[in-house]
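The lines below spell out each chain.
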Amino acid sequence: MTAALLAVVRRDLLLALRQRGDVVNILLFFFVVVTMVPLGVGPELSVLRMIGAGTVWVAALLASIVSLARIFAQDYADGSLEQMLLAGQPASVIVVGKILAHWLVTGAPMTLAAIPIAVMFDLGFEPARTLVAALALGTPALSLVGAVGAALTLGLRGSGVLVTLLVLPLMVPVLIFGAAAVDATSGGLSPVADLLLLGGLSLGAAALAPWAIATALRISLE
């Protein structure tokens, strides 16, 4: 199963490299959302510090939703998704591999990009470190929950709108706890509780989402 998991991850990463324009567009969307807010609210540093964490998390959430079509849609269109599910490997292993690859090309770059963004919002060292840690713990949950919606709406007309309506309410807790962790650090409090909640959300999603996604994919392919 490990070999199958790594093969799926490697395949999806290679496809992302060949279609790097799609990945770059998602990251550009993330940067555009983050940079437009300071231009709109003005250069006041106290205001930027206050809204910095929330802005980054909103941008990460929206970028994750925009990128959901990359997980299954192309493989569904060319028939390779059905072949993978019929290959004899557990469907949940294939699903985990695809979600991991999705996080590596979306969630991980956004986490790293939070470092210069924190400087732009003048967050300071400790809040910036908390922001990076929160994104590292919370963005896997965004990919997992988003993949559930992508699987449920696979092949449907207007799936982009449907998946947004399905997953956006489920992603809001991640946004709340992620922003709260940075706000706690900025206020001199410990962010451990919020970070643990973020990790718990990601672990819970990792335990439940793959089986739900595998079931939804089988239904979509019938």
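Structure: above.
Thresholds, definitions, all that
- Residues numbered from 1 in each chain as written.
- Predicted model: local features only at pLDDT ≥ 70, side-chain atom pairs only at ≥ 80, totals over all residues.
- Heavy atoms only, no water.
- Helix = DSSP H or I, 4+ residues; strand = E, 2+ residues; numbered from the N terminus.
- Expected span 1.5 Å × (residues − 1).
- Buried < 20%, exposed > 50% of the residue type's maximum accessible area, 1.4 Å probe, protein only.
- Arc of directions from axis to C-beta.
- Polar contact = N/O pair within 3.5 Å; in protein donor to acceptor, adjacent residues only side chain to side chain.
- Phe/Tyr/Trp six-rings, centres within 6.5 Å; stacked < 30°, edge-to-face > 60°.
- Core = buried A, V, L, I, M, F, W, Y, C linked by side-chain atoms within 4.5 Å.
- Contact = heavy atoms within 4.5 Å.
- Axes fitted to C-alpha atoms, helices over the stretch in contact; angles between N-to-C directions.
- Parallel < 35°, antiparallel > 145°, perpendicular 65-115°, else oblique.
- Left-handed = near helix turned anticlockwise from the far one by under 90°.
- Nonpolar A, V, L, I, M, F, W, Y, C, P; charged D, E, K, R; others polar.
- Patch = residues over 30% accessible without salt bridge, like charges linked within 9 Å, V, L, I, M, F, W, Y side chains within 5 Å.
- Areas by Shrake-Rupley, 256 points an atom, 1.4 Å probe, with all protein chains shown as cover.
- Salt bridge = Lys/Arg side-chain N within 4 Å of Asp/Glu carboxyl O.

A. Spotlight on helix α2 (residues 20-41). Taking 1.5 Å as the rise per residue, α2 with 22 residues should run 32 Å; its terminal C-alpha atoms sit 32 Å apart, in good agreement. All buried positions along α2 are accounted for by V23, I26, F30, V33, V34 and P38. One side of α2 carries all its buried residues, which in axial view fall inside an arc of 130 degrees. For α2, the exposed residues lying more than 90 degrees away from the buried face are R20, L39 and G40. Positive phi shows up at G42, right after α2, with a value of about 100 degrees.

B. Representation of the side chain of T139 within the structure. Residue placement: T139 occurs in helix α8 (residues 125-152). The exposure class assigned to T139 is buried, which follows from its relative accessible area of 1%. Polar contacts involving the side chain of T139 include one to the side chain of W103, which spans 2.8 Å.

C. Structural view of the packing of aromatic side chains. Evaluation of the coordinates by the stated rule reveals one aromatic pair. With a centroid separation of 5.9 Å and an interplanar angle of 70 degrees, the aromatic rings of F30 and F31 are classed as edge-to-face. Classification of F30 as buried rests on a relative accessible area of 1%. On the basis of relative accessibility, which here comes to 35%, the residue F31 falls in the partly exposed class.

D. Broad picture of the nonpolar core. Residues F30, W57, F72, L131, I213 and L217 are the most contacted members of the largest nonpolar core, which totals 58 residues. Here this core gets 11 residues from one element, more than from any other, and that element is α8. Apart from the residues within four sequence positions on either side, F30 is in contact with V56, A59, A60, A63, M110, A113 and I117.

E. A look at the environment of V66. Turning to its location among the elements, V66 is positioned in helix α3 (residues 45-66). For V66, a relative accessible area of 46% translates into the label partly exposed. Residues V66 and F30, spaced 36 residues apart in sequence, show a C-alpha to C-alpha distance of 9.8 Å.

F. Representation of the packing of helix α7 (residues 107-120) against α8 in the model. It is at 9 Å that the axes of α7 and α8 come closest, and there the two elements cross at 165 degrees. Between α7 and α8, the angle falls in the class roughly antiparallel. For the crossing formed where α7 meets α8, the hand is right-handed. On α8, the residues touching G107, M110, T111, A114, I115 and A118 of α7 are A128, L131, V132, L135, A136 and T139. The class makeup of the residues in the contact of α7 with α8 is nine nonpolar, three polar and no charged.

G. Summary view of the packing of helix α1 (residues 2-18) against helix α6 (residues 91-105). α6 packs onto α1 with a crossing angle of 40 degrees between their chain directions and a minimal axis gap of 8 Å. Comparing their axes, α6 and α1 come out oblique. α1 and α6 meet at a crossing whose hand is right-handed. Of the residues in α6, those in contact with A4, L5, V8, V9, R11, D12, L13 and A16 of α1 are V93, I94, V96, G97, K98, L100, A101, L104 and V105. Each residue belonging to the contact of α1 with α6 can be placed in one class, and the counts come to 13 nonpolar, one polar and three charged.

H. Region of the structure containing the side chain of S143. Tracing the chain through its elements places S143 in helix α8. Those residues within four positions of S143 in sequence are excluded, and the remaining contacts are I71, I99, H102, W103 and T106.

I. Local environment of unusual backbone geometry. Its identity is not glycine, yet D122 carries a phi of approximately 55 degrees, on the positive side. The topology assignment puts D122 in the loop between α7 and α8. Note on D122: relative accessible area 29%, which makes it partly exposed.

J. Spatial organisation of a nonpolar patch on the surface. Residues F29, V58, L62 and V66 make up a contiguous nonpolar surface patch of about 290 Å² in total accessible area. Ranked by the residues each element gives to the nonpolar patch, the list is headed by α3, at three residues. Looking at the secondary structure, you find F29 in helix α2.

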